[in-house]
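# Descriptive analysis of the structure
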Amino acid sequence: MPLLFTPLTLPAPQGPGLALRNRAIIAPMCQYVIDAEDGVPTDWHLQHLGAFAAGGFGLVTVEATGVEARGRISARDVGLYDDAQQRAHQRIVSFLRSQGVAAAVQLGHAGGKASTYPALPGQPSGTVPVAVGGWTAVGAVDGPVLPGLDAAKGLSTPEIAEVVAAFAAAARRADAAGYDAIQLHAAHGYLMHQFLSPLTNTRTDGYGGDEYGRTRFTREVAAAVREVWPAHKPLGIRVSATDWVDGGWDVHATARLLRRLADEHGVTWVDVSSGGLGGGAEIPVGPGYQVPLAAELTRQLAGRPVVVSAVGLVVDAVQAETILATGQAHAVSIGRAALRDPHWAASAAARLGVPRTEIPHAPQLWRAGW
Ligand code: FNR
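Rules behind the numbers
- Residues numbered from 1 in each chain as written.
- Predicted model: local features only at pLDDT ≥ 70, side-chain atom pairs only at ≥ 80, totals over all residues.
- Heavy atoms only, no water.
- Helix = DSSP H or I, 4+ residues; strand = E, 2+ residues; numbered from the N terminus.
- Rg over C-alpha atoms; globule rule 2.2 N^0.38 Å.
- Buried < 20%, exposed > 50% of the residue type's maximum accessible area, 1.4 Å probe, protein only.
- Lys, Arg positive; Asp, Glu negative; His and termini not counted.
- Charge placed at Lys NZ, Arg CZ, Asp CG, Glu CD.
- Core = buried A, V, L, I, M, F, W, Y, C linked by side-chain atoms within 4.5 Å.
- Contact = heavy atoms within 4.5 Å.
- Near = heavy atom within 4 Å.
- Polar contact = N/O pair within 3.5 Å; in protein donor to acceptor, adjacent residues only side chain to side chain.
- Areas by Shrake-Rupley, 256 points an atom, 1.4 Å probe, with all protein chains shown as cover.
- Nonpolar A, V, L, I, M, F, W, Y, C, P; charged D, E, K, R; others polar.
- UniProt positions renumbered as here; feature names shortened; annotations may be inferred.
- Pairing = 2+ DSSP bridges.
- Axes fitted to C-alpha atoms, helices over the stretch in contact; angles between N-to-C directions.
- Salt bridge = Lys/Arg side-chain N within 4 Å of Asp/Glu carboxyl O.
- Parallel < 35°, antiparallel > 145°, perpendicular 65-115°, else oblique.
- Left-handed = near helix turned anticlockwise from the far one by under 90°.
- Right-handed = clockwise from strand over helix to strand, strands pointing away.
- Expected span 1.5 Å × (residues − 1).

The helix and strand inventory of the chain stands at 11 helices and 12 strands. A globule of 370 residues ought to have a C-alpha radius of gyration of about 21 Å, and the chain, at 19 Å, matches this closely. When the backbone C-alpha atoms are referred to their principal axes, the chain occupies close to 55 × 45 × 40 Å. Evaluated residue by residue, the chain yields a buried proportion of 59% over its 370 residues. Here the chain holds 29 positive side-chain charges and 32 negative ones, and the gap between their average locations is 5 Å.

Another aspect to go through is the nonpolar core. Judged by nonpolar contacts, the single largest core of 87 residues is most densely connected at F167, I182, L184, F217 and W344. No other element matches helix α3 (residues 157-177), which puts 10 residues into this core. Ignoring anything within four residues of it in the chain, the contact list for I182 reads V105, L107, A171, A174, V225, W229, P234, L235, G236 and W269. Among the nonpolar cores identified, the runner-up in size contains 12 residues, and L18, L59, A104 and A331 belong to it.

In the region of the ligand, 15 residues are neighbours, and P28, Q106, R238, L313 and R336 sit closest. A64 is positioned with one of its backbone polar atoms (N or O) 3.1 Å from an oxygen atom of the ligand. In this structure, G335 approaches the ligand through a main-chain N or O atom, which is 2.9 Å from an oxygen atom. For the ligand, the accessible surface in isolation is 600 Å², of which the surrounding protein chains cover 82%. Grouping the constituent residues of the shell around the ligand by class yields eight nonpolar, five polar and two charged.

Under the UniProt annotation, "domain: NADH:flavin oxidoreductase/NADH oxidase N-terminal" (unreviewed entry) lies at residues 4-349. As a span, residues 4-349 carries 34% helix and 16% strand, and end to end its C-alpha atoms are 8 Å apart.

Now for unusual backbone geometry. For Y32, which is not glycine, the phi torsion reads 55° and is therefore positive. Mapped onto the fold, Y32 is located in the loop between β3 (24-26) and α1 (43-54). Classification of Y32 by relative accessible area gives buried; the value is 14%.

What follows deals with the sheet that holds strand β12 (residues 331-334). Strand order in the closed barrel made by the eight strands is β3-β4-β5-β8-β9-β10-β11-β12, with parallel pairing throughout. Put simply, the sheet's adjacent strands are angled 25° from each other on average, direction ignored. The sheet contact formed by β3 and β12 spans three bridges and is parallel. Within β12, the residue paired with A24 across the bridge is V332. On top of the sheet, helix α2 (residues 83-98) reaches β4 (59-66) and β5 (102-108); it is set at about 145° to β5, its chief contact.

With that out of the way, let us pick up the pattern of salt bridges. Within the structure shown, the criterion is met by 15 salt bridges. Between R256 and E211 there is a salt bridge, with its nearest N and O atoms 2.9 Å apart. Residue R256 is located in helix α7 (residues 251-265), and its partner E211 is located in helix α5 (residues 211-214); the two are separated by 45 residues in the primary sequence. Classification of R256 as partly exposed rests on a relative accessible area of 41%. Since its relative accessible area comes to 22%, E211 is described here as partly exposed. Residues E264 and R260 are paired through a salt bridge, measuring 3.4 Å at the closest nitrogen-oxygen approach. Linking E264 with R260, this pair stays in helix α7, spanning four residues, or about one helical turn.

Time to look at the packing of α7 against helix α8 (residues 291-300). In helix packing, the relevant descriptors are the interaxial angle and the interaxial distance, both defined with respect to the helix axes. Axis separation between α7 and α8 bottoms out at 10 Å; the angle between their running directions is 40°. Judged on the interaxial angle alone, α8 and α7 are oblique. By crossing handedness, the relation of α7 to α8 is classed as right-handed. Residues V251, H252, T254, A255, L258 and R259 of α7 form the contact with α8, whose participating residues are L293, E296, L297 and Q300. A per-class count over the contact of α7 with α8 returns five nonpolar, three polar and two charged.

The next subject is the pairing of β4. For β4, a buried count of eight out of eight residues is recorded, marking the element as mostly surrounded by other parts of the structure. With two bridges joining them, β3 and β4 adopt parallel strand pairing. Note that in β4 the partner of I26 across the bridge is V60. Sheet analysis places β4 next to β5, joined by six bridges and oriented parallel. Across the sheet, the residue bridging to V60 is A103, located in β5. Assessed by its sense of winding, the connection that carries the chain from β4 through α2 to β5 is right-handed.

A few words on the environment of V228. Residue position: V228 is located in helix α6 (residues 216-228). Spatially, the C-alpha atoms of V228 and R256 are 24 Å apart, while their sequence positions differ by 28 residues. Once residues within four sequence positions are removed from consideration, V228 is found in contact with A168, A171 and R172.

Turning our attention to α3. For α3, with 21 residues, the first-to-last C-alpha span of 30 Å sits near the 30 Å given by 1.5 Å per residue. The inward-facing, buried residues of α3 abut α2, β5, β8 (181-186), α4 (191-196) and α6. In the segment just after α3, G178 is the residue with positive phi, at about 100°.

Right, dumping it as structure tokens:
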């Protein structure tokens, strides 16, 4: 059996952990499709995510989901801070589970990158002004997170506590909706990353200063979520393992943070992305360009109960299998290749010679080339 189709367990502090039928994960992908700008997932999300379940993936990660209204990237983002949103998530999770796939939700707060125009054709970029339906974003500090964005308002200490509490409340709702796993969004220049990176965190209080201070917000979120999230369910995190900027957040700081999160806060899954801050970042985009970061973190986390997934232009079955077989990661997350082919996992199984009888729960797999 190819490694890609060898089951994998995401460990949890108690019990056997979360069993995945294979190591192909759907990366979180915002759809910017919300009917009433109320953060409630729609039928669009059901068909978008449901197709990946039928397409044979092992774990589907639902898109960046705001833990409070002002933490949404745009007004077209989903949330998990009220009952209507929770019911809509529950319907999606229920379908995913019926197809034998596990369901994770990416809980996030966009911080100073909130209230932007949705990344849809014909939309401008940048911050939506308050006058036309935007809102004032909050961030690690006063000021714009990136050139071209409006200034965010720095969070006070009591306000930070409120955001931490919002993460915990959303985690409770995620459990009630039936999710199997949570992925905290600490990547791509959003609020947690704004606190982590020396490029954006110039605070002088206990949430800034040295590396320990800059990681405090993320550690507090992980602790608060772990406290309310059932101990038999895994807690994961998505990181930007580097800013790709000299003097920015880097892979060694990421490793130190992850070791602490694993040892002290029961974080057992890390999805390794990069970038999102630093206007001048030069990112060497190409096939598997972030895999070396995943490989370094796999090495630095060896011996701990942490699953590392690699992401970023992993497009092909043989490429994915090679990443796993060479020990660079334990799983792969697939984004755009799965948008183009929702049956990517089933197609990969066929390509790698997996007998069809070995792929349970996916009655439609002949679509994928057997
Ligand atoms: C994304 N990406 C992303 N990342 C994230 O952490 N949360 C999100 O909600 C989104 N939203 C999103 C929407 C769309 C349409 C795309 C294409 C991408 C990034 C995504 O998860 C992934 O990391 C990158 O796309 C790189 O992987 P691929 O696409 O090369 O496999």
